[in-house]
Amino acid sequence: MVNHDVPLAPQATDVFNTWYGAGQTPIGMVTDGVKESHIWEDYAPLLCNCESYGRTISDYLALPDAVALYRKILARSDDNSVTILSIGFLTNISRLLESGPDEYSPLTGIDLVKRKVRSVVAMCGSQNEAEYNVSYDIPSARTVFGKLPVAMSIIPGETTMSVLSEDIFEHTGWDDTHPVALAYTTHDKSDMNMCWDAIAALAYVTGFSDVTISGPYDAAINGKGIMELAGNPNGNFRVLSLSPEQQLRSKELLLNILGTRLRY
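Report follows, based on the coordinates.

Procedures and definitions
Residues numbered from 1 in each chain as written. Predicted model: local features only at pLDDT ≥ 70, side-chain atom pairs only at ≥ 80, totals over all residues. Heavy atoms only, no water. Pairing = 2+ DSSP bridges. Helix = DSSP H or I, 4+ residues; strand = E, 2+ residues; numbered from the N terminus. Axes fitted to C-alpha atoms, helices over the stretch in contact; angles between N-to-C directions. Expected span 1.5 Å × (residues − 1). Buried < 20%, exposed > 50% of the residue type's maximum accessible area, 1.4 Å probe, protein only. Lys, Arg positive; Asp, Glu negative; His and termini not counted. Salt bridge = Lys/Arg side-chain N within 4 Å of Asp/Glu carboxyl O. Contact = heavy atoms within 4.5 Å. Patch = residues over 30% accessible without salt bridge, like charges linked within 9 Å, V, L, I, M, F, W, Y side chains within 5 Å. Areas by Shrake-Rupley, 256 points an atom, 1.4 Å probe, with all protein chains shown as cover.

1. Observations regarding the sheet that holds strand β9 (residues 227–231)
One open sheet holds the 6 strands; their spatial order is β3-β4-β5-β10-β8-β9, and the pairing between them is mixed. This sheet does not close on itself; its edge strands, each paired only once, are β3 (82–86) and β9. The sheet shows a mean angle of 35 degrees between the axes of neighbouring strands, taken without regard to direction. Direction of pairing for strand β5 (residues 151–155) relative to strand β10 (residues 237–241): parallel, over a ladder of 3 bridges. Counterpart to Met 152 in the pairing with β10 is Phe 237.

Written out as structure tokens, the structure is:
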């Protein structure tokens, strides 16, 4: 589900999916979402204008709305079987929660999530400031934190690991035609070699086996976009962090995964 409402976002997603042999993965596009983000301004044009990268989708304007695709997938899924991994703005999840019955399910969004979703793993929030994924759409973040009916594991802005472009090249021997290497080295500016999103993905795929977990908490996003936590043994939220040793192991695992081009 694409959270950036800019034309190159789904195209770049298609490039990555196709490269890794997952081109048939459906893509949902946010409608009237955040347009001011700078994230796609540097590497997306390089990826999307490079003829050597394959594509699977021929008409990006025909992509379904993300909320409709969420509801379609959830409706046909087994109960308590879905984990939602969110590494962007919370716009689509917020709108999913606020959605009403449709052709896919007679349930409201909250009831559909409660029945079908096991948990949410999200890179978002900070107790010190309005973190990036929250700051561009604070109302949606507040809705998700306030209405989500299932457990949520949070990788906050304070949890990072450093992955330099040199690490990618030295570890894998990639050249700059690899889309991940191209994107990463293009975007590797100032402190942006710090990595957040991949921690959320790694935490899920490894079954949270190599992260430090605190909580459970009650959690909320205040009007300034800052995350507020309160200990509660029955709370739905937990916060993940990495020790220095866990950072090193996570980084090694990430590089190994990125270097594996799967074929489906």
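2. Looking at helix α1 (residues 8–19)
Compared with the 16 Å implied by 1.5 Å per residue over 12 residues, the 16 Å span of α1 between its first and last C-alpha is a close match. Of all the 12 residues making up α1, 9 are buried; the element is thus mostly covered by neighbouring parts of the structure. Within the sequence span of α1, burial applies to Ala 9, Pro 10, Gln 11, Ala 12, Asp 14, Val 15, Asn 17, Thr 18 and Trp 19. Where α1 ends, the next residue or the one after it, Gly 21, has phi of about 75 degrees, a positive value.

3. So, the pairing of β10
Note that strand β8 (residues 212–221) and β10 share 4 bridges and pair antiparallel. Bridge pairing in β10 links Ser 214 to Val 239.

4. Observations concerning the side chain of Asp 14
As for its position among the elements, Asp 14 is in helix α1. Arg 55 provides the closest opposite charge to the buried, salt-bridge-free Asp 14, at an N-O distance of 5.0 Å. Non-local contacts of Asp 14, meaning those with residues more than four positions away in its chain, are made with Ile 27, Arg 55, Thr 56, Ile 57 and Tyr 60.

5. Observations concerning a nonpolar patch on the surface
On the surface, a cluster of nonpolar side chains totalling about 340 Å² of accessible area is made up of Tyr 204, Val 205, Leu 253 and Ile 257. Residue assignment for the nonpolar patch shows that the elements contributing at least two residues are α10 (197–205) and α11 (244–258). Among the structural elements, Ile 257 can be located in helix α11.

These results come straight from atomic positions and should not be treated as a statement about function.
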